[in-house]
Amino acid sequence: MDNKLIFSGHETFHCKGFWLKKGYDYVRQGGKFTDESCISLGVGRNMVSSIRFWLKAFNIIDHLTEEITPLGDFIFDENNGVDKYLENETTIWLLHFSLIRTNFSSIYSIVFNEIRKTKPEFNKSNLAVFLNEHNISFNENTVNKDFSVLTRTYYSKSNDKEDSFSGILSSLELLEEIKHKDSNKYIIHNKKTNSIPVELLLFCILENDKYGLSISHKSLSSDTNSIGNIFAMNNDQLDEKLTELSSFYKEINYTSNSGVKELQFKNKSLNSYSILRDYYENQA
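Cut-off values and rules
- Residues numbered from 1 in each chain as written.
- Predicted model: local features only at pLDDT ≥ 70, side-chain atom pairs only at ≥ 80, totals over all residues.
- Heavy atoms only, no water.
- Helix = DSSP H or I, 4+ residues; strand = E, 2+ residues; numbered from the N terminus.
- Expected span 1.5 Å × (residues − 1).
- Buried < 20%, exposed > 50% of the residue type's maximum accessible area, 1.4 Å probe, protein only.
- Polar contact = N/O pair within 3.5 Å; in protein donor to acceptor, adjacent residues only side chain to side chain.
- Salt bridge = Lys/Arg side-chain N within 4 Å of Asp/Glu carboxyl O.

Student: What is the right way to look at helix α5 (residues 89-102) in this model?
Tutor: Residues spaced three or four apart along an α-helix face the same direction, because each turn holds 3.6 residues. Along its 14 residues, α5 runs 20 Å from first to last C-alpha, staying within 8% of the 20 Å computed at 1.5 Å per residue. Among the 14 residues in α5, eleven count as buried, and that is most of the element. Listing the buried residues of α5 in full gives Thr90, Thr91, Ile92, Trp93, Leu94, Leu95, His96, Phe97, Ser98, Leu99 and Ile100. The residue sitting at the N-terminus of α5 and contributing the capping side-chain oxygen is Asn88; that oxygen lies 2.9 Å from the backbone nitrogen of Thr90. After α5 finishes, the residue Asn103 shows a positive phi value of roughly 60 degrees.

Laid out in C-alpha cells, this is it:
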C-alpha cells in the first residue's frame, strides 16, 4: 500500500453530472483556476475548487500541469468527443475506471482494491482501521468526509433523482446500503456486468503498462487496479468476460493449460483509444 495517499480537496461536494463538461470547456477555452473563475463558471468559490478537484480526480486534466489529458479530449472534445454529455453508460464505467486508477482521491482505490475484499460490508470505521493497520497517517474528520462523498458519488436513494443529489457514478449501482440496528454499512457488488462492453475492458487492460503479452486470470482478478477489482467482478463474471473478449479479437486468446488460465496477446499492435473509439462509432 502506497503511503503517499491523497485525502480531501472536494470541499465536501460530490461530482455533479455536468461539472466535468463545464470544467473541461473552461480549461479548453484557456481558463485558469483563479478568484475570477467563480464568474466564468457561474458557481461559488468552494464549488470552483471542487470542480477543479474532480477534473483531476477523473484525469480530465493533469493534476500537475492542469492541462487537458487525452482522456478529457476523448470524451469531451466539441468536435471529436465520443460522449460529451455522458449519455452512454459505458462512459460512466470509463470514468469509474479512471477515478480509481488515477488515485488522486485515494479513498476510491483503497475501497475497490482493498477494503471490499477484506470487509464485504464496510463503513467509515473500517476505513480508519485499514489506514491504521497500514501505518498511514490521516485526519479522522477529513477521511470521514471523504467517505461521505464516496457514498454520495456511487449511491443515491430512490427519491434522490435530482442531479444535485445523485452522484455521477450512481447509475452503475455498484454500492448498496445495508441497514443494521446500530449503524448502516455498504457493500460493493456488480449487478450490471452485461453493461460493460469488452472493448472497455480491453482498453483498461491495455492502459496497464505492467502487463506483458500473457496475463494470468489471477492478475486480472486481484492485482491492484485490475479489471476484477475496479469493476468488482467475481471469478465467474471475469471468466465470462475474458472468454467473450477472446472471441471478439483474433489477436487475443484466453487459454487454460494445466488449470492455469491466461489471457494471451499475439502482439502489441492493439491501441487502447482506437479500440474504444471504434466501439462508440459503432453505437452511433
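So that's the structure; there's more coming.
Student: In this structure, what is going on with the pattern of salt bridges? I would like to understand it.
Tutor: Pairing between side chains becomes possible if they bear opposite charge and their charged atoms approach one another. All chains considered together, the criterion is met by eleven salt bridges. A salt bridge links Glu78 to Lys21, with the shortest nitrogen-to-oxygen separation between them at 3.2 Å. A residue pair is termed long-range when its members are at least 10 positions apart, and Glu78 in the loop between α4 (70-76) and α5 and Lys21 in helix α1 (residues 19-28) qualify at 57 residues. Residue Glu78 is classed as partly exposed on the basis of its relative accessible area, which comes to 47%. You can call Lys21 buried: its relative accessible area is 9%. The salt bridge partner of Arg101 is Glu207, with a shortest N-O separation of 4.0 Å. Of the two residues, Arg101 is situated in helix α5 and Glu207 in the loop between α9 (198-206) and β4 (214-216); the sequence distance between them amounts to 106 residues. Residue class for Arg101 comes out partly exposed when judged on its relative accessible area of 35%. Linked through salt bridges whose partners overlap, the residues forming this network are Lys21, Asp25 and Glu78.

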